[in-house]
Amino acid sequence: MLDIVIQAREAHLVPGFAVRRILPYQLRRMVGPFIFMDHAGPVNIGGADMPDLDVLPHPHIGLSTVSYLLSGNVTHRDGLGIEQVIKPGEVNWMTAGKGISHSERFEDPAMLAGGSLELMQTWVALPEKDEEANPSFMNYKAEELPVFTDKGIWMRLIAGNAYGLNSKVQTSSPLFYVHVELDKNTRFGLPTGHSERGVYVVRGTVEVNGVTYTRGQLLVFSTGVDPVLFAKEDSTLMMLGGEHLGKRHIWWNFVSSRKERIEQAKEDWKQGRIILPPNDNHEFIPLPEDKYKHGGEPPPNTLS
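Residues numbered from 1 in each chain as written. Predicted model: local features only at pLDDT ≥ 70, side-chain atom pairs only at ≥ 80, totals over all residues. Heavy atoms only, no water.

S.K.: Any chance you could explain the overall build of the chain here in plain terms?
M.R.: Assigned secondary structure in the chain consists of two helices and 25 strands. Taking 19 Å as the expected radius of gyration for a compact globule of 304 residues, we find that the chain reaches 18 Å, a close match to that expectation. If one aligns the C-alpha atoms of the chain with their principal axes, the spans along those axes are about 55 × 45 × 35 Å. Considering only intrachain contacts with a sequence separation of at least 6, the fraction spanning at least 24 residues in the chain is 71%. For the chain, the distance from the average position of its 30 positive side-chain charges to the average position of its 37 negative side-chain charges is 4 Å. (Helix = DSSP H or I, 4+ residues; strand = E, 2+ residues; numbered from the N terminus. Rg over C-alpha atoms; globule rule 2.2 N^0.38 Å. Contact = heavy atoms within 4.5 Å. Lys, Arg positive; Asp, Glu negative; His and termini not counted. Charge placed at Lys NZ, Arg CZ, Asp CG, Glu CD.)

S.K.: Mind showing me how you'd approach the pairing of strand 14 (residues 153-162) here?
M.R.: Remember that side chains alternate between the two faces of the sheet whenever the strand is regular. When you tally the buried positions in strand 14, you get eight out of 10 residues, the bulk of the element. Here strand 13 (residues 147-150) pairs with strand 14 via four bridges, running antiparallel. Within strand 14, the position partnered with Asp-150 by the bridge is Ile-153. Counted along the chain from strand 13 to the antiparallel partner strand 14, the turn is two residues long, and its residue Gly-152 has a positive phi close to 80°. As judged from the seven bridges shared by strand 14 and strand 16 (residues 175-182), these two strands associate in the antiparallel manner. Note that in strand 16 the partner of Arg-156 across the bridge is His-179. Pairing of strand 14 with strand 15 (residues 165-166), which is carried by two bridges, proceeds in the antiparallel orientation. Among the inter-strand pairings, Ala-162 is bridged to a residue of strand 15, identified as Leu-165. Taken together, strand 14 and the strand that follows it, strand 15, pair antiparallel across an intervening segment of two residues, in which Tyr-163 is found at a positive phi of about 55°. (Buried < 20%, exposed > 50% of the residue type's maximum accessible area, 1.4 Å probe, protein only. Pairing = 2+ DSSP bridges.)

S.K.: Sorry if this is basic, but what is going on with the sheet that holds strand 20 (residues 211-214) here?
M.R.: Each strand in a sheet pairs with its neighbour through backbone hydrogen bonds, running either in the same direction (parallel) or in the opposite one (antiparallel). With antiparallel pairing, the four strands of this open sheet are ordered in space as 17-22-19-20. Among the strands making up the open sheet, the edge pair consists of strand 17 (187-189) and strand 20. Here the strands of the sheet are splayed against their neighbours by 35° on average, with no regard to which way each runs. Taken together, the two bridges between strand 19 (residues 205-208) and strand 22 (residues 228-231) define a ladder with antiparallel strand orientation. Bridging across to strand 22, Glu-207 finds its partner in Phe-230. (Axes fitted to C-alpha atoms, helices over the stretch in contact; angles between N-to-C directions.)

S.K.: It is not clear to me how empty space enclosed by the protein should be interpreted in this structure. Could you clarify?
M.R.: Gaps left between atoms are located by rolling a probe of water-molecule size over the structure's atoms. Summed over the entire model, instances satisfying the criterion amount to three cavities of 30 Å³ or more. Lining the second largest cavity, in full, are Thr-65, Ser-67, Val-74, His-76, Ile-86, Asn-92, Met-94, His-102, Glu-104 and Phe-137. Elements that contribute at least two residues to the lining of the second largest cavity include exactly strand 6 (63-71), strand 7 (74-78), strand 9 (91-95) and strand 10 (100-105). Tallied by class, residues from the lining of the second largest cavity come to four nonpolar, five polar and one charged. (1 Å grid on protein atoms, 1.4 Å probe; cavity = no way out; pocket = protein on both sides within 12 Å on 5 of 7 lines; lining within 4 Å. Points joined across faces, edges and corners; volume = space filled by probe spheres on them. Nonpolar A, V, L, I, M, F, W, Y, C, P; charged D, E, K, R; others polar.)

S.K.: Is there a simple way to think about the pairing of strand 3 (residues 17-23) in this case?
M.R.: Along strand 3, five of the seven residues are buried, which leaves the element largely enclosed by surrounding structure. In terms of strand pairing, strand 3 meets strand 4 (residues 34-44) through three bridges, oriented antiparallel. Note that in strand 4 the partner of Leu-23 across the bridge is Met-37.

S.K.: Explain the nonpolar core here, please?
M.R.: Grouped burial of nonpolar side chains is what soluble globular proteins tend to show. Of all hydrophobic cores here, the largest spans 28 residues; its most connected members are Trp-93, Tyr-177, Leu-218 and Met-238. Element by element, the count of residues in this core is highest for strand 6, at three residues. Judged by nonpolar contacts, the second largest core, of 21 residues, contains Val-178, Leu-190, Val-199 and Leu-237. (Core = buried A, V, L, I, M, F, W, Y, C linked by side-chain atoms within 4.5 Å.)

The following block contains the structure:
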């Protein structure tokens, strides 16, 4: 029933700030088109000992970044000139295509005074025909996204289709991405109609076929099975998956079906051919040392 259980590993976005990295994993690179998943927080921002969490301008190609906040807020700026503050329940969907840069900064006074931050960051690989598309950005408000409630269940469909619901978020391939809140002793099934499906336990404890799984674990299920999750306590889950797109190479913040395209992206960033955000262009993250192999784990400072 279970293909694999992935335990989140610690990774550092900036010195002193660790996140839980779920995907990619050596034995399971992707779930559907999802090729990257980080869980940051919860952490209280502010205080003399708190590191600077700002993520400086950095590049992407060949993917869509999907930012979803459980608490706090983040200011996004990108090479298209877009500036957007994302709040809990909203979706920032940025498609890099042939190349874009962006930054993520924590500037809200309430946040800096000690507010809580918790962020789910995923990347969705693009179909080969869309890898060189023009970059784009969309922000979707919480009220635009479908919500379903039942006894002991609350869920928001972030993107794709699941449980008879359809999200207005524009995607490039069949997928689903769902935020689920379950009360203790509630049973809940996975969405059907998708060939690859995973459930990440953000908090709480769930049981599947008598086995208990806890915070920080991604359960990836075999095709053709319909497992039932049982919440042993109040639990928060992120469900994701869809149709597989084929092999992808990942290095730093670059994803492509072709190794040579990643080499080109490296040179483009070195030579300044990927435009910095016009309203955040005084500093940027240089290309890391090229000591990581294609197909292996991305560098520890892979960014969102």
